[in-house]
Amino acid sequence: MPYIRSKDSALYYEEHGSGDTLILLPGLLGTIESHWRRFIPEFARHYHVVAADLRGHGRTNNPSGAIRLHTLVGDLFTLLETLEIETARICGYSLGGYVGLAFGIQHPGRVASLVMHGTKFFWTGEAVAAATREFDAATILEKLPHWATQLQQDHTSGNGKEGWRVLLAAAQEFLATLPAEGLTTQALSLAHFPVLVSIGEADEMIPRDEASRLASLLPHGKLEILPDTRHPMQRVQKTLFLERVLPFLATPSHEQALLKRNES
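Here the structure is a predicted model, which is why all the values come from computation and not from measurement. (Residues numbered from 1 in each chain as written. Predicted model: local features only at pLDDT ≥ 70, side-chain atom pairs only at ≥ 80, totals over all residues. Heavy atoms only, no water.)

A. Inspection of the packing of aromatic side chains at higher detail. One pass over the structure, following the stated rule, counts seven aromatic pairs. With 5.4 Å between their ring centres and 65 degrees between their planes, Tyr3 and Tyr12 make a pair best called edge-to-face. Judged by relative accessible area, which is 35%, Tyr3 ranks as partly exposed. Seen in terms of ring centroids, Trp36 and Phe39 are 5.6 Å apart; in terms of plane orientation they differ by 70 degrees. Their pairing is edge-to-face. Comparing Trp36 with Phe39 shows no difference in burial state: the two are buried. Site record: aromatic cluster; members linked through ring pairs are Trp36, Phe39, Phe43 and Phe241. It is Arg59 that lies over the ring of Tyr12; its NZ or CZ is 4.9 Å from the centre. Lying across the ring of Trp123, Lys120 places its NZ or CZ 5.8 Å from the centre. (Phe/Tyr/Trp six-rings, centres within 6.5 Å; stacked < 30°, edge-to-face > 60°. Buried < 20%, exposed > 50% of the residue type's maximum accessible area, 1.4 Å probe, protein only. Lys NZ or Arg CZ within 6 Å of the ring centre and 35° of its normal.)

Following this line, the structure appears as structure tokens:
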């Protein structure tokens with residue numbers, strides 16, 4: 001299985017298809033398997049797909065046990081550098097979309113376009129408290145034992161049988177850092193690439209007005225609302241998602257559009 005070394009972590013990734021590169025990033029507590037596996041065959045018909053498990057997730061270990069935004073962005077940078085990818089399209093779910101946005105802002109010219117599906121951007125103390133309450137291992141074992149079993153299965157290969165507990169604690173700590181260490185609204189003006197802000201019509205985590213505000217603050221932002229769709233990626237209808245996302249990904253980047261305009 002393919003891994004690359006990113007600081008202290010062995011980052012697991014997969015490659016499928018050919019053509020321009022599309023990077024798939026899972027969300028917090030998710031993996032390639034749980035969030036992107038069913039979409040990969042169709043994406044690979046159009047792109048060179050690179051999918052990666054975030055550190056501490058799935059097959060990617062995390063010896064430090066901590067998760068920070070700058071580390072996740074650094075892992076993505078190492079992935080592109082190692083695979084000699086200069087520019088890529090990125091499709092990220094939840095945290096994956098947030099990481100893709102931070103990467104594109106910090107590394108101008110490396111992101112051709114970005115899909116952020118189900119990504120919460122505005123993190124207040126109240127929002128953090130609500131999210132972290134759901135990540136208590138003891139509560140999950142008591143009230144959602146099937147989810148506990150799934151989490152253990154998803155993350156054992158790279159992080160051991162207790163890796164899911166470590167990941168939950170790291171996720172709680174990580175979310176608590178976002179109000180102070182996350183992206184600011186001022187930083188959004190530096191996202192000089194097309195961004196599709198996509199949420200489900202019935203998303204339980206992200207209000208529509210938050211998604212609309214995010215899209216409006218991005219220089220090249222576009223809002224997409226998927227009908228009859230909840231927040232979990234596992235609940236997203238594959239055909240519907242691909243119908244909305246593939247045309248956006250095929251749209252020339254802002255830089256490409258300017259180049260064509262100048263040539264004509």
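Okay, back to it.
B. Layout of the packing of helix α3 (residues 69-82) against helix α4 (residues 95-106). Look at α3 against α4: their axes get within 9 Å of each other, and the N-to-C directions meet at 70 degrees. Put simply, α3 runs roughly perpendicular to α4. Contact residues: α3 offers Leu69, Leu72, Val73, Leu76, Phe77 and Leu80, while α4 offers Leu95, Tyr98, Val99, Ala102, Phe103 and Gln106. Tallied by class, residues from the contact of α3 with α4 come to eleven nonpolar, one polar and no charged. (Axes fitted to C-alpha atoms, helices over the stretch in contact; angles between N-to-C directions. Helix = DSSP H or I, 4+ residues; strand = E, 2+ residues; numbered from the N terminus. Parallel < 35°, antiparallel > 145°, perpendicular 65-115°, else oblique. Contact = heavy atoms within 4.5 Å. Nonpolar A, V, L, I, M, F, W, Y, C, P; charged D, E, K, R; others polar.)

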